[in-house]
Amino acid sequence: MAGRDDALPLLVLLLLLQATQPGVSRTTYEPTWESLDSRPLPDWFDDVKFGIFIHWGVFSVPSYGSEWFWWYWQGSKVASYVNFMKKNYPPDFQYEDFGPQFTAEFYNPLEWAVTLAESGAKYVVLTSKHHEGFTLWGSKVSWNWNSVDVGPKRDLVGELALAIKNTTKLRFGLYHSLFEWFNPLFLSDKSASFATRQFVDTKTLPELYELVTKYQPEILWSDGDGDAPYTYWNSTGFLAWLYNESPVRDTVVTNDRWGNGCICKHGGYYTCSDRYNPGHLLKHKWENCMTIDRYSWGYRRNALISEMLTIEEIVRVLVETVSCGGNLLMNIGPTSDGRIPVIFEQRLKQIGQWLKINGEAIYSTTPWRAQNDTVTAGIWYTCRPKEKALYAIFLTWPSKWELVLGEPKALTGKTEVHLFGFGQKLNWSSLGEKGIVVHLPVIGYSQMAAPWGWALKIVGLNEVVKQYKG
C-alpha cells in the first residue's frame, strides 16, 4: 500500500505536465454545435492565407463541361452532355466504364509537390472522393470503385501526402464528399426521408475515419450534404472525435459543409458558397474557394483560354480576400493521365513569383481598420500590428507615378514608405487629413519583376496600426 500511495503524486505530476505541454488540447468538445463551434481555429490557418485546391477523379476522363459530368449526363440529363455521349461513345457505355480509363500514367507526386510549392501556397487540398463516389485511395468500403482496384492501381492520396509532407512545408488537406449521386444505399436513405442511415454507417463515416487515421490531413474539407441534415450524417459525433481523439486533433481545421443548413453557420471556417468573396470584413474566419477555370473545378478539354482567369485577376482576388480576413483556396484540375495542364502550371508559377516579392503583405497579416482605400479604387490594405507596419496593395499603376492614399495618417519626419521589389525609400507628400501622395519611381511598371500588382510597406504612421475585427 505504501508503494502505491507514493506513486500517486508522481502520476498526478506527469498528468499535469502533459496537460501543459504546447499543442496538447485541454478542452473536451461535446458532440453539439454549441461546443464544437467554441473550438478556436488553430492559428496556423489564418497565417497561411493561400492554398491550392485539386479536383481530380474519374470525371477527368470525359473532361467535358464540368466535374458534375455524371449528374448532368444521367441525372438532370442536360442536352449538351447527352449529345456528347451519343456522339462519342457506344449506346451501352456506362459512367463506370470511364474508371479503367482514369490511368494517371504521368502522375508524379514529387513533381506536383514542387509545382505546388512554387505557387507560394501554404496548404493543399486534394479531392479524396467527389460526388461520383470514386475514391483516390484503396478505400475498404468502396470495393472496385477506387484508384487501387481500378484505373491507376495506385494510392493517389497516399503518394501525394507523402510527397507533400516529405519535400515541402505545405500543410496537407483532403476534400471529401459526404454523399454520392447514384449510390443505392444513399438513394434508399433519401427515399426514407433520411430516417435510415445505411449509407452513413457503412460508407461515409468509415471513409472519414479511415482518411484521418491513415493520412492525417490538417484540413478536412467536407462537401455535398445531399440535402440531408447533420443529424443524418452524425457530423457532430464525428467532429467531436476529430477534435478530441484523432491524431490531428490539435492542428486540424474544418469547414462549414456538414449538413443541410450548416454552411456559413457551423463548423470551423466558413466557405458560405463557391467563389465566395464578400468584399468586406467578416467577424468569422472564412475562405474563398475559387477556380482558375471560370466554369469548372475539373479539367475540361473544351475549355478556352478566354475562360481562364488572368494572373491579374488572380492577384486581385487574392488581395481582396486577404484584406477582408479570408484565405484563398485556388483550384486546378489535373488531366486523367496525371498532368497539371500547362495553363494551370503557368498561373501557379506566376502567383508564386508575385508572392515571392510581395508575400510580406499577405502572409501572417491581419485586416486593418480600412480594407480598401476610400479615395483611390483598387487599393487594399493589410497590416502587421507587432511590426507596426501597414501594407497598401495597388492593382493599377498610376499614369503620373503618383499614388493617392486617402486612409493612412502620416507623420512628417517619421513615416517611411517602401515599394517591394524596389530598393530605395519612396518620397511622399502630405494631404493633411485627406491622406498622402506617394511618389512612385519613374520607371515602367512592366520592368518590375511581377507587374500584376504592387505593395507598399508604410511604417511610422501617426496612428496605432492594429488588427480590426469588425
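Owing to the predicted nature of the structure, the values given are computational and were not obtained by experimental measurement.

Right, let's get into the sheet that holds strand β6 (residues 286-291). Read across the open sheet, the seven strands follow the order β5-β4-β3-β2-β1-β7-β6; overall the sheet is parallel. Only two strands of the sheet have a single neighbouring strand rather than two, namely β5 (253-254) and β6. Sheet topology places β6 next to strand β7 (residues 326-332); six bridges connect them, and they run parallel. Looking across to β7, one finds that Cys289 is bridged to Leu329.

For the rest of this paragraph, the subject is the state of the cysteines. A complete count under the given rule lists one disulfide for this structure. Disulfide pairing places Cys264 opposite Cys272 at an S-S distance of 2.0 Å. Here the S-S torsion is close to 60 degrees, and the disulfide linking Cys264 with Cys272 is therefore right-handed. For Cys272, a relative accessible area of 14% translates into the label buried. There is no disulfide at Cys289, and the cysteine sulfur nearest it, in Cys272, is 9.7 Å away. In this structure Cys324 is not part of a disulfide, and its nearest cysteine sulfur, from Cys383, lies 13 Å away.

Looking now at the layout of surface pockets. The space that makes up the largest pocket amounts to roughly 520 Å³. As for the largest pocket, its lining consists of 29 residues, and the residues nearest its centre are Trp68, His131, Phe179, Gly224 and Asp225. Breaking the lining of the largest pocket down by element, the ones donating at least two residues are α8 (184-191) and β4 (219-223). For the lining of the largest pocket, the element with the most residues is α8, which contributes three residues. Looking at side-chain class alone, the lining of the largest pocket contains 13 nonpolar, eight polar and eight charged residues. Considering only enclosed or pocket space, the second largest pocket measures out at about 410 Å³ in volume. Taken together, 20 residues line the second largest pocket, and the ones lying closest to its centre are Asp46, Lys283, Lys285, Gly325 and Gln467. Class assignment of the residues belonging to the lining of the second largest pocket gives a composition of eight nonpolar, six polar and six charged.

Reading the values: the criteria
- Residues numbered from 1 in each chain as written.
- Predicted model: local features only at pLDDT ≥ 70, side-chain atom pairs only at ≥ 80, totals over all residues.
- Heavy atoms only, no water.
- Pairing = 2+ DSSP bridges.
- Helix = DSSP H or I, 4+ residues; strand = E, 2+ residues; numbered from the N terminus.
- Disulfide = S-S within 2.5 Å.
- Buried < 20%, exposed > 50% of the residue type's maximum accessible area, 1.4 Å probe, protein only.
- 1 Å grid on protein atoms, 1.4 Å probe; cavity = no way out; pocket = protein on both sides within 12 Å on 5 of 7 lines; lining within 4 Å.
- Points joined across faces, edges and corners; volume = space filled by probe spheres on them.
- Nonpolar A, V, L, I, M, F, W, Y, C, P; charged D, E, K, R; others polar.

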